[in-house]
Amino acid sequence: MKHFNKKLTFFIKTFGCAMNENDSEKLSGMLKALGYVEENDINKVGLVIFNTCSIRENADDRVFGNIGAIKTVKKTNPDLILAVCGCMMQQPEIVKKIVRTYPQVDLVFGTHNIHQFPELLNNFLVNGQRMIEVWEDSDAIVEDLPTDRRYPFKAFVTIMNGCNNFCTYCIVPYTRGREVSRQPGKIFNEVQALVADGCVEVTLLGQNVNSYGNDLEKDVNFANLLRKLNTIENLKRIRFMTSHPKDLTDAVIEAIADCDKVCNYIHLPIQSGSTRILKAMNRKYTQEDIINRVQKMKDRIPDVAITTDIIVGFPGETEEDFMETLKVIKACKFDSAFTFLYSIRTGTPAATMENQIPEEIKHDRINRCLEVLHQIGHDINQNYQDRVVEVLVEETSRNNPDRMTGRTRTGKLVIFEGDLSDIGKQVMIKITDAKTFSLDGKKIEQEETDGRINPYDDPVPENS
Ligand code: 5AD
Ligand code: SF4
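Please read these numbers as outputs of a predicted model, since none were measured by experiment.

## Some thoughts on the overall build of the chain
Now for step 1: Secondary structure assignment for the chain yields 12 helices and 19 strands.
Now for step 2: With the principal axes as the frame, the chain shows a C-alpha extent of 70 × 55 × 50 Å.
Now for step 3: Looking at the 464 residues of the chain, the share that counts as buried comes to 53%.
Now for step 4: Averaged over its 58 positive side-chain charges, the chain has a centre that lies 3 Å from the centre of its 67 negative ones.

Here it is, written out as structure tokens:
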């Protein structure tokens, strides 16, 4: 048996999105329950896990680079166990490639069977034989896996897995399977337990949270879930991602507006502003729908911040189509956006579409897109100058140990002078320098605001 009598240490590297991070917290939770200890030095550790992402080609490349590097580490540390899991493993050709060309990989499992990890690991330890076990799909979410949370004051809560949308560019429906929602009672209990454990902010996770409950009983939907979670005492902030514009109903917008704990922030990926391209992407909404949804949110939710995802260079995207995207960005005034060069994903319909766009055109468009986005983001942030905002303090600033960072309810990064005792607290900060990507501010004593916590970041008048 390998590993016998050795200190059980592990290191997890997570690629990709918050869903993967949440899965890694579960892998870490399971390992700690088995007595393993986390260790940051990959050269000394007993077990390395790469939790992989497949969303774009460069994500795949990075994973293979990391797997390649383990070969060298194994020369000095031959007992090292390498486990690889996550979205890439749901693609049979990737698993084949690993089996054929990467003998340093000892364990492979997928997104649907992370709960089997301890069993697979144990089998490997006993037999010393490679374990490859990937489930194609699953129709239930395994409940009650131990979770090793990164922060005591905030947590991810997965409310559903999978995606039914099959956007033509996207690999996710193939790697995460069909939508499966958790029972609302299970989610409620989990959030309540987190709050009892000191957590003040939860982020509800799903590929498309707006279609939560479509596979459950009639009255179970995302709007009702938000309303229900909003009743939990001592919970301060509810966030969620990701929303699909086609499913963002008035009922969801009203729930966000009505529920004081639900943050006035939404991540709403539009992908493109051209109705023609949106159709080719199979997004099921038009340019007018986007503008209408955004307007509705701005009308109903005070001071709402809206961020988005944009893909440039989808097959067949003309200069006119791209100009439509710029037009929508300007009309909607997004607070910020993640912008992506379209990346071919083998097996998706767009991969074989004609008129793939040359890389230099994609790069030119992304640069033009960023220029517009940065100007809008800068202008929006100027509205924060001299305002008092509620900030949930998260950590020490990476650039300056005397400064702390946290987020407003609208998701803005705020940097201020403080100390470790602020972490996990909600503090009131007066913004002294509004920049394009962050807000510098000064902590103010609660009395200066009459003790009022202002959930919508409204300015608190100086002399009131
Ligand atoms: N190429 C580029 N970007 C993609 N995304 C998803 N698939 C692709 C792809 N093939 C982007 C979308 C999505 C985000 C998570 O990743 O914008 O919202
Ligand atoms: Fe991918 Fe579209 Fe599903 Fe989002 S909604 S995960 S972009 S298929």
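There's more to say after this.
## Topic: the site of ligand 1
Now for step 1: Lining the immediate surroundings of ligand 1 are Ile55, Arg56, Tyr169, Gln271, Asp309, Ile311, Phe340, Leu341, Tyr342, Ser343 and Arg345.
Now for step 2: Tyrosine 169 is positioned such that a nitrogen or oxygen atom in its backbone is 3.0 Å from a nitrogen atom of ligand 1.
Now for step 3: Between aspartate 309 and ligand 1, the recorded distance is 2.6 Å, taken from a side-chain N or O atom to an oxygen atom.
Now for step 4: For ligand 1, the accessible surface in isolation is 400 Å², of which the surrounding protein chains cover 86%.
Now for step 5: Contributing elements (two or more residues each) for the shell around ligand 1: strand S13 (305-312) and strand S14 (336-341).

## Overview of the packing of aromatic side chains
Now for step 1: For the structure on display, the rule yields 8 aromatic pairs.
Now for step 2: Geometrically, the ring pair formed by phenylalanine 222 and phenylalanine 240 is edge-to-face, given 5.1 Å between the ring centres and 75° between the ring planes. Highlighted residues: phenylalanine 222 in helix H7 (residues 222-229) and phenylalanine 240 in strand S11 (residues 237-241), separated in sequence by 18 residues.
Now for step 3: Given a relative accessible area of 1%, phenylalanine 222 falls into the buried group.
Now for step 4: Owing to a relative accessible area of 3%, phenylalanine 240 belongs among the buried residues under this scheme.
Now for step 5: Over the face of the ring belonging to tyrosine 384 we find arginine 387, whose NZ or CZ atom lies 4.9 Å from the ring centre.

## As for the UniProt feature "domain: MTTase N-terminal" (unreviewed entry) in the chain
Now for step 1: Taking the UniProt record as the reference, the feature "domain: MTTase N-terminal" (unreviewed entry) is found at residues 8-126.
Now for step 2: Secondary structure content for residues 8-126 is 47% helix and 19% strand, and the end C-alpha separation is 15 Å.

## Examining unusual backbone geometry
Now for step 1: Residue threonine 242 is reached from methionine 241 by a cis peptide bond, and omega for that bond is 10°.
Now for step 2: Following the sequence through the fold, threonine 242 ends up in the loop between S11 and helix H8 (250-258).
Now for step 3: Phi at lysine 333 takes a positive value of approximately 50°, unusual for a residue other than glycine.
Now for step 4: Mapped onto the elements of the fold, lysine 333 is located in the loop between helix H11 (319-332) and S14.

## What about the UniProt feature "binding site: [4Fe-4S] cluster 2" (unreviewed entry) in the chain?
Now for step 1: Per the UniProt entry, the sites bearing "binding site: [4Fe-4S] cluster 2" (unreviewed entry) are Cys163, Cys167 and Cys170 in this numbering.
Now for step 2: Among the secondary structure elements, cysteine 163 is positioned in the loop between strand S8 (160-161) and helix H5 (172-176).
Now for step 3: In contact with cysteine 163, not counting residues within four places along its chain, are Val172, Pro173, Gly177, Arg178, Glu179 and Gln207.
Now for step 4: Looking at the element boundaries, cysteine 170 is found in the loop between S8 and H5.
Now for step 5: When its relative accessible area of 13% is taken as the criterion, cysteine 170 is described as buried.
Now for step 6: Every residue in contact with cysteine 170, bar those within four places of it in the chain, is listed here: Ile55 and Thr348.

## Considerations on the pairing of S14
Note on strand geometry: in a regular strand, side chains alternate between the two faces of the sheet.
Now for step 1: Bridging between S13 and S14 involves 6 bridges; their strand directions are parallel. Among the inter-strand pairings, isoleucine 310 is bridged to a residue of S14, identified as threonine 339.
Now for step 2: In this fold, the crossover linking S13 to S14 by way of H11 has right-handed handedness.

## Here's the deal with the nonpolar core
Now for step 1: Core analysis: the largest hydrophobic core is formed by 69 residues, its most contacted members being Ile159, Leu204 and Phe222.
Now for step 2: When residues in this core are grouped by element, the largest group, 6 residues, is from helix H12 (residues 359-382).
Now for step 3: In contact with leucine 204, not counting residues within four places along its chain, are Val157, Ile159, Val209, Phe222, Leu225, Leu226, Leu229, Ile238, Arg239, Phe240 and Met241.
Now for step 4: Counting residues in hydrophobic clusters, the runner-up holds 23 residues, among them Val45, Met88, Ile98 and Val108.

## As for the sheet that holds strand S7 (residues 154-158)
Now for step 1: A sheet is described by the order of its strands in space; here 3 strands give the open sequence S7-S10-S11, paired in parallel fashion. The open sheet has two edge strands with one neighbour each: S7 and S11. In this sheet, neighbouring strand axes are inclined to one another by 25° on average, regardless of whether the strands run parallel or antiparallel.
Now for step 2: Alignment of S7 against strand S10 (residues 201-205), held across 5 bridges, turns out to be parallel. In the sheet register, alanine 155 faces S10, and the bridge partner there is valine 202.
Now for step 3: Running over the sheet, helix H6 (residues 184-196) touches S7 and S10 and is turned about 170° from S7.

## Quick word on the pattern of salt bridges
Now for step 1: In total, this model carries 31 salt bridges according to the counting rule given.
Now for step 2: We note a salt bridge from glutamate 254 to arginine 300, for which the minimum N-O separation is 2.7 Å. Separated by 46 residues along the polypeptide, glutamate 254 in helix H8 and arginine 300 in helix H10 (residues 287-300) bring together distant segments of the chain.
Now for step 3: Each member of the salt-bridge network shares a partner with another, and the members are Glu201, Arg237, Arg239, Glu390 and Arg409.

Cut-off values and rules
Residues numbered from 1 in each chain as written. Chains lettered and ligands numbered in written order. Predicted model: local features only at pLDDT ≥ 70, side-chain atom pairs only at ≥ 80, totals over all residues. Heavy atoms only, no water. Helix = DSSP H or I, 4+ residues; strand = E, 2+ residues; numbered from the N terminus. Buried < 20%, exposed > 50% of the residue type's maximum accessible area, 1.4 Å probe, protein only. Lys, Arg positive; Asp, Glu negative; His and termini not counted. Charge placed at Lys NZ, Arg CZ, Asp CG, Glu CD. Near = heavy atom within 4 Å. Polar contact = N/O pair within 3.5 Å; in protein donor to acceptor, adjacent residues only side chain to side chain. Areas by Shrake-Rupley, 256 points an atom, 1.4 Å probe, with all protein chains shown as cover. Phe/Tyr/Trp six-rings, centres within 6.5 Å; stacked < 30°, edge-to-face > 60°. Lys NZ or Arg CZ within 6 Å of the ring centre and 35° of its normal. UniProt positions renumbered as here; feature names shortened; annotations may be inferred. Contact = heavy atoms within 4.5 Å. Pairing = 2+ DSSP bridges. Right-handed = clockwise from strand over helix to strand, strands pointing away. Core = buried A, V, L, I, M, F, W, Y, C linked by side-chain atoms within 4.5 Å. Axes fitted to C-alpha atoms, helices over the stretch in contact; angles between N-to-C directions. Salt bridge = Lys/Arg side-chain N within 4 Å of Asp/Glu carboxyl O.

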